[in-house]
Every structure is written in C-alpha cells, then in structure tokens.
Amino acid sequence: MSYHLLHPEFYLSLINRSCGLICVVDEKGFFKYANDALFEITEYYTEDLQGKLVIEYLHNNDLQAVKNIFLQLVAYKASENLVFRIKTRSGNWKWMDAVVTNSLNDEHISGYIIEARDISIKVGLQEDLERSQVFFNSFFQNHHSAVFTLSTDGILEQVNDNLQRILSYSRKEMVGEH
C-alpha cells in the first residue's frame, strides 16, 4: 500500500471530490460537516450550515419521516434509507435519496453520517410519467368513440367503455382476443 493512502489529506480529498453529498449531523440535529457536494446541490457552503439545525432545511411534509428514521437509528438500527427534500439557497427544493448511519459511538465522528444523492430529475420524470398516464387513461376511457389498443400480434390489450357498449361485449370477453 502506498504511503500517501495513509495520510488524512488523501481521505479528505476523496470525500470532498465525491459526487454525492456526505455530511455529519450531531445527536441534536445540528450540521457538523459537509463535503463540497453540498454547494453543488444546495448552493450553500459548509460554513453556512455549520451549527444550524438540519430540520430548518427540510420540507415540512418530510419532517415526520425524517424524525421516525432517527428514532429508529437511536433505538436499534445501524443505518436506514431515507428520501427527503432539502431547500436550496435560492428557495427551490431538491429531492435526495440518502443512507443515514448512526456513528454516535465512533469517537472520531460522534454523529450521524448522511450519504445522499440528488434524485430531483428522477422524481420529476416519475411525476411527469404519472401525469401522462392519468391523462392517457382519462382520455382513453372518456373518449366518445370506441377506443382500443392492440399488441403487435393484433390482440386487444385495452378497450374503453364505448367499445364495450357498441359491441355488447364485456372487457373480459375482449381483452386478450383477436
């Protein structure tokens, strides 16, 4: 093993150049440390948040879930997964997917390690897909004409209520048939 791998500077550089957010929160919920990814994600520098409560930067709808995770970590778990929203300096919200590890008993950390990545784009795409699906289903079912979808083999996959009414067949009788 190379001597430079044993230097603390090596590990600090490794953590700071990580794509994901790595931060440490003390047992009362105050920020102790965050790597450089904090700025990339939130537009805050580590110094801006040191000594501030984490909950001040979390979305109100996520607070109970976050509290529950920390209660579980204190009670009996070493680590837990968590999805939450964090507020950026500009006032926007970023969705984060995190693993939180209880390291209160580690004398070098004395806190919770939070390793998180920004999943805002993924969440946005999922929401767009759900909206599109709702629109399609509404359009499909409520259209005044007979509407259906076919597989590439010509088998009925979906039929709307008007097709059932016109043909006097139930959905069960038509779906899966030529």
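For the structure given in this document, a descriptive report is provided here. (Residues numbered from 1 in each chain as written. Predicted model: local features only at pLDDT ≥ 70, side-chain atom pairs only at ≥ 80, totals over all residues. Heavy atoms only, no water.)

Concerning helix α5 (residues 120-142)
Given 3.6 residues to a turn, an α-helix orients residues that are three or four positions apart in the same direction. The cut-off we apply is this: In this text, helices come from DSSP runs of H or I with a minimum length of four residues, and strands from runs of E with a minimum of two, each type numbered from the N-terminal end. Here the expected span of a helix is defined as 1.5 Å times the quantity of residues minus one. Between buried and exposed lies partly exposed: a residue is buried under 20% and exposed over 50% of the maximum accessible area for its type, with that area taken using a 1.4 Å probe on protein chains only. Contacts are assigned to residue pairs that have any heavy atoms within 4.5 Å of one another.
With 23 residues, α5 should cover 33 Å at 1.5 Å per step; its first-to-last C-alpha distance of 33 Å lies within 8% of that length. For α5, every residue scored as buried is listed here: Ser120, Val123 and Phe140. Looking at the buried residues of α5, the elements they touch are β4 (93-103), β5 (111-118), β6 (148-150) and β7 (156-159).

Focus on the pattern of salt bridges
Our working definition: Any carboxyl oxygen of Asp or Glu within 4 Å of a side-chain nitrogen of Lys or Arg constitutes a salt bridge here.
On inspection of all chains with the given rule, the structure shows 6 salt bridges. Close ionic contact of Asp118 with Lys94 constitutes a salt bridge, the shortest N to O distance being 3.6 Å. Pair noted here: Asp118 is in strand β5 and Lys94 is in strand β4, with a separation of 24 residues, a long-range link. For Asp118, a relative accessible area of 34% gives the class partly exposed. Owing to a relative accessible area of 22%, Lys94 belongs among the partly exposed residues under this scheme.

Some remarks on the packing of aromatic side chains
Keep this limit in mind: Within 6.5 Å between ring centres, the rings of Phe, Tyr and Trp (the latter by its six-membered ring) count as paired, and their orientation is classed by plane angle as stacked under 30 degrees, edge-to-face over 60, tilted in between.
Applying the stated criterion across every chain, the model contains 6 aromatic pairs. Between Phe31 and Tyr57, the ring centres sit 6.1 Å apart and the planes meet at 70 degrees, which makes this aromatic pair edge-to-face. With Phe31 in strand β2 (residues 31-34) and Tyr57 in the loop between α3 (46-49) and α4 (63-75), this pair connects stretches of sequence that are 26 residues apart. Take Phe31 and Tyr57: they sit in the same class, and that class is buried. Ring geometry for Phe39 versus Tyr45: centroids 4.5 Å apart, planes at 20 degrees, classification stacked.

Here's the deal with a nonpolar patch on the surface
Where we set the bar: A patch consists of residues exposed above 30% relative accessible area that lack any salt bridge, with like charges linked at up to 9 Å and nonpolar side chains (Val, Leu, Ile, Met, Phe, Trp, Tyr) linked at up to 5 Å. Note that accessible areas follow from Shrake-Rupley with a 1.4 Å probe, and for residues the cover is restricted to the protein chains shown.
Side chains of Leu6, Tyr11 and Leu14 sit close together on the surface and give an oily, nonpolar patch of about 320 Å² of accessible area. With respect to the helices and strands, Tyr11 occurs in helix α1 (residues 8-16).

So, α4
Selection rule: Each direction from the helix axis to a C-beta atom contributes to the arc, which is the arc of those directions.
Over its 13 residues, α4 runs 18 Å from end to end, which matches the ideal 18 Å to within 8%, given 1.5 Å per residue. Buried residues of α4: Leu63, Val66, Ile69, Phe70 and Leu73, and no others. The buried residues of α4 occupy an angular sector of 130 degrees when projected down its axis, which confines them to one face. Turned more than 90 degrees off the buried face of α4, the exposed positions are Leu71 and Ala75. Structurally, α4 contributes buried residues whose contacts are with β3 (79-87), β4 and β5.

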